[in-house]
Every structure is written in structure tokens, then in C-alpha cells.
Amino acid sequence: MSSSAVSPAARLRGLKPDWLSDPRVWRTEILAGLVVALALIPEAISFSIIAGVDPAIGLFASFTMAVTIAIVGGRRAMISAATGAVALVIAPLNREHGLGYLVAAVILAGVFQIVLGALGVAKLMRFVPRSVMVGFVNALAILIFLAQVPEMAGVPWPVYPLIAGGLALMVFFPKVTKVVPAPLVSIVVLTAITVAAGIAVPTVGGKGELPSSLPVPGLPDVPFTTDTLTTIAPYALAMALVGLMESLMTAKLVDDITDTRSSKTRESIGQGIANIVTGLFGGMGGCAMIGQTMINVRVSGARTRLSTFLAGAFLMVLCIVFGPVVSDIPMAALVAVMVMVSFATFDWHSIAPATLRRMPAGELAVMAVTVAVVVATHNLAIGVAVGTLTAMAVFARRVAHLVSVTSVTDPDGGQVVYSVTGALFFASADDLVTRFQYATDPDKVVIDLTAAHIWDASSVAVLDAIGTKYAQRGKTVELIGLNRPSAHLHEKLSGELAGGH
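Residues numbered from 1 in each chain as written. Predicted model: local features only at pLDDT ≥ 70, side-chain atom pairs only at ≥ 80, totals over all residues. Heavy atoms only, no water.

What follows covers the overall build of the protein. The helix and strand inventory of the protein stands at 21 helices and six strands. Dimensions of the protein, computed from C-alpha atoms along their principal axes, come out at roughly 100 × 65 × 60 Å. Relative to its full complement of 501 residues, the protein shows a buried share of 50%. The contacts in the protein between residues at least 6 apart in sequence include a share of 84% that link residues at least 24 apart. For the protein, the accessible area works out to roughly 22800 Å², and carbon and sulfur atoms hold 65% of it. (Helix = DSSP H or I, 4+ residues; strand = E, 2+ residues; numbered from the N terminus. Buried < 20%, exposed > 50% of the residue type's maximum accessible area, 1.4 Å probe, protein only. Contact = heavy atoms within 4.5 Å. Areas by Shrake-Rupley, 256 points an atom, 1.4 Å probe, with all protein chains shown as cover.)

Here it is, written out as C-alpha cells:
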């Protein structure tokens, strides 16, 4: 059927979101949003404590981040809210200068993220290798699990059977039906048991007081001076970079899980807008929440913006309207959910014996370094940066060893031809200078670069140095076989570099 034959009604249906056209989709999205909202409450309170602010500040941030990013973000079904990484970055600012400066830094961080997004910082994600991505996912799973350990230490003994029961429900309930998310069933059942039986265990209410009203917009209470800007700018830039790193890595992970693509540039700008809105409502800022995103996408099966929007909306409804009920939810129920998320997130195939036998040692080292740094620093952004640098070093070392030099001397002894094969760059070029017999070679030396490629100034400098060594012995060097990019670079830089003299 041609496009002209499509009726206006059909076109309108094509523009509708999935959840409007399929009741099964909106049921999944609504229930997923509810589960995420329940899981967000203790997390947001915990991150508020890390940042040194009132729990309401973290809850407000989670509300405004989720609702805003659902509209302006580039990755559907991804959850953004207050996070530990952001809390760690801005905690010193709040401790030294107060809440007003923290809020101002959040707004400025949003501006930085919009600028970075517009400049194309998202394109840098292509330089993150798969081994770093796998290490990132596994480190994330470990951090999610480790974050639950304090909730399982020094607690009344009923906590342990409650956690075990919650895990059992999430494993076996989906075999009965998948209409209702198993994590929601687990939370409801465990809450009902503890309340009905009067079991004294730690609850959500013990984490901090829930807000009783919606946040009110306003400007931060700081002097609008250059001194204020210089004080908050370093923290804002650090927050912007950490937030973008975690958000873009999470978006890439969700892309892989759902086999769909998302706009990383839109996501970067969307994160900035969400942080500006959050700052104007007095929140502590945030970024993509990987654990809650996994609950939403992998555990609950959400795929649209509706679940993200409802996660934020339900969060405020639960706090303001159903605060007393939510306060009675045992932490054991939420711990069980997060433990299940950690096991579902970990890439078990990556550590299977068969995989370890086949995988190159360098790839395994990159993955291990990424995991180790993330777990040691509790900072996913630092781990990804170190892992990527390690991967680059491994790659450079591997490629450097692929350069080979062979020589053929004419029968009459008047000329020698050296054939160079491989990529010439800083890691491989330095060794090239030792591959020539300067003292014993004939007076004419030909270097055939047909099977090579010159990538950088270091290679040009080394070729100049080789020519200089031969010239000092009264011998001539001719370069042949340069491809067009190599010839252009060589012509542009030869004789202009210190290494060539």
C-alpha cells in the first residue's frame, strides 16, 4: 500500500504512544512505575544523607528528575533520580557553603550538560570498548549487592527469612503469571506479613521522614556574584561529567537489553534540563539510576516513557498521600528486590570457564581493571575512564607488535629495499628506528611503505630520524608507496619536527 493510501486515522494511530494503543503495555508500564517508585524512596533518602541534606531534598530531586527526563530524555524507560555518585560530588560543597550553593551548583551543572550535549560529548561513547562495558555492568551488579549488605548486618533475625521469602517469590511467581511484576507482589506480601504479625524489623520509615507537600519552585538563596560562580563551578562541572558518564553508559546498556537505539545527544541535553528543573525546585540533582533502571526494564519489562513519568509521580503520591503505609514497608522487601536486580544485572556469561578460555588476556585485564576500580572507588565514571584508558594501552601495545620490516638487497649490492608493514604511530614507530642496518647498507636505501600507514607526527619524526642517520653516512633514502593520507601528513610535517634533525 502506498503512503498516499494510508488514512488520516491510521496516521494518527501511528503517532500514538504504545501504551495508548495496547492495554497490556500500559498495565506493564503503570505497575513498573509503581515498583520503581517504591524502590526509589529508601535510595533517595540514603543519598540525601550522603549529601548531608534533608531526606525531602533527595525525594524532591527524584520526583522532578524522573518526571522531566520522561519528557525531554533520549532513552525511553530509563530512570533518572537522585544518585549516590552525584551526592558524593556535591556533599563537600553543601558541608562547606550550605544548601543554597548546592542548589546553585545543580542548576549550573545542568547548563554544563546542555552545552556538552550540544557539543557532541555523547559521541565519545563510541570509544568505550565492549570489555569496559562488561566490566561496568558487572561492577554495577556488585555495587548494588554491596549496598544491601548494611541492611543485612546487625538486624533482627526475622529480616533474613523475609529476604529469602522475597527472593523465592520473585523467582517462582513469574512461573504462575507475569501480569503483575514479581517485585511488587514481593513488597506487598512481605509488608502484609510484617504488619499483620507485628514483626519488628527495620522499615522505610526508619530511614527518614517523608515529605508532606509538593516542592515549590524558586531561585537558590545565594549572592549572584563572581565569587559564587567560582565557588560552585568546579563542583558543577564534576557533577555534569559524572552524571553524563553514568547516564550515557546506562542508556547504552538499555539499548543493548531492548535491542533499540536511543539519541545520546538528546539524553545529554535532557539530563541538563532535568537538573536545571530539579535545582529550581530545590532538589539535589541527579542522573540515570542504573539499579532502578534495571528494575524498570529488565525485571518489570517496561519499555516506554510512561513508566519513567509514573515512577516520579507515584513517588510523590506515595510520600504525600500514603506516607504512613509506605513507612511500614520492611527494608527486607526492598533489599530482596535489589539483590534480585544485582543477580539479573551481572553478566554471568563473561566469567564462564569457556568464555575465560577463549577471551584474549588483554580483554580480561581491561574488564578486571574496570570492575576493581569501580568497586574500590564506588564511582562508575572513574572506573569507566580508567578501563577505557587501559583498553587503549592494550590496543596500542597489540597493534605496535604488528609492525614488521623486511629487507631485500639487490644482487649487485647497489641498493637495499626495506618493506614496512603495519600501522605506524607513537607506540610502534619508536621501535622502527632500530630495524635498519645503517653502517652496512648500500649507498641507496629504499623504504617501501605500500603496506603501511602513517598515523601521527611521531611516525614522521622517526622516518626523518632514519633519513638523518643514513645522511650522516653519506647515503640516500627514498620513500615509496605512501598512500594519499600518509603522503599528505608526511609532506606537511617532514623536516618540521625536532626528532627529524
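Counting residues in hydrophobic clusters, the biggest one holds 105 residues, and the most contacted among them are Ile41, Leu59, Phe136, Met284, Ile295 and Leu315. Considering each element in turn, this core owes the most residues, 12 residues, to helix 3 (residues 23-51). Membership of the second largest hydrophobic core comes to 22 residues, among which are Val405, Leu449, Ala452 and Ile454. (Core = buried A, V, L, I, M, F, W, Y, C linked by side-chain atoms within 4.5 Å.)

Before going further, it helps to spend a moment on the environment of Arg298. Positionally, Arg298 belongs in helix 12 (residues 290-299). Among the residues examined, Arg298 registers a relative accessible area of 37% and is labelled partly exposed. When near neighbours in sequence (up to four residues on either side) are disregarded, Arg298 contacts Ile257, Thr293, Ala344 and Thr345.

Our focus in this paragraph is the packing of aromatic side chains. This structure, assessed with the given rule, holds seven aromatic pairs. A centroid spacing of 5.9 Å and a plane angle of 20° characterise the contact between Phe343 and Trp348, whose relative ring orientation is stacked. Consider the rings of Phe346 and Trp348, whose centres lie 4.5 Å apart with planes at 45°: the pair is tilted. Sitting above the plane of the Tyr438 ring, Lys469 keeps its charged end 5.8 Å from the centroid. (Phe/Tyr/Trp six-rings, centres within 6.5 Å; stacked < 30°, edge-to-face > 60°. Lys NZ or Arg CZ within 6 Å of the ring centre and 35° of its normal.)

One open sheet holds the four strands; their spatial order is 3-4-5-6, and the pairing between them is mixed. The strands lining the two open edges of the sheet, one partner per strand, are strand 3 (404-409) and strand 6 (476-480). On average, each strand axis in the sheet is inclined to that of its neighbour by 20°, with strand direction left out of account. This element, helix 21 (residues 484-493), spans strand 5 (444-454) and strand 6 of the sheet and lies at about 120° to strand 5. (Pairing = 2+ DSSP bridges. Axes fitted to C-alpha atoms, helices over the stretch in contact; angles between N-to-C directions.)

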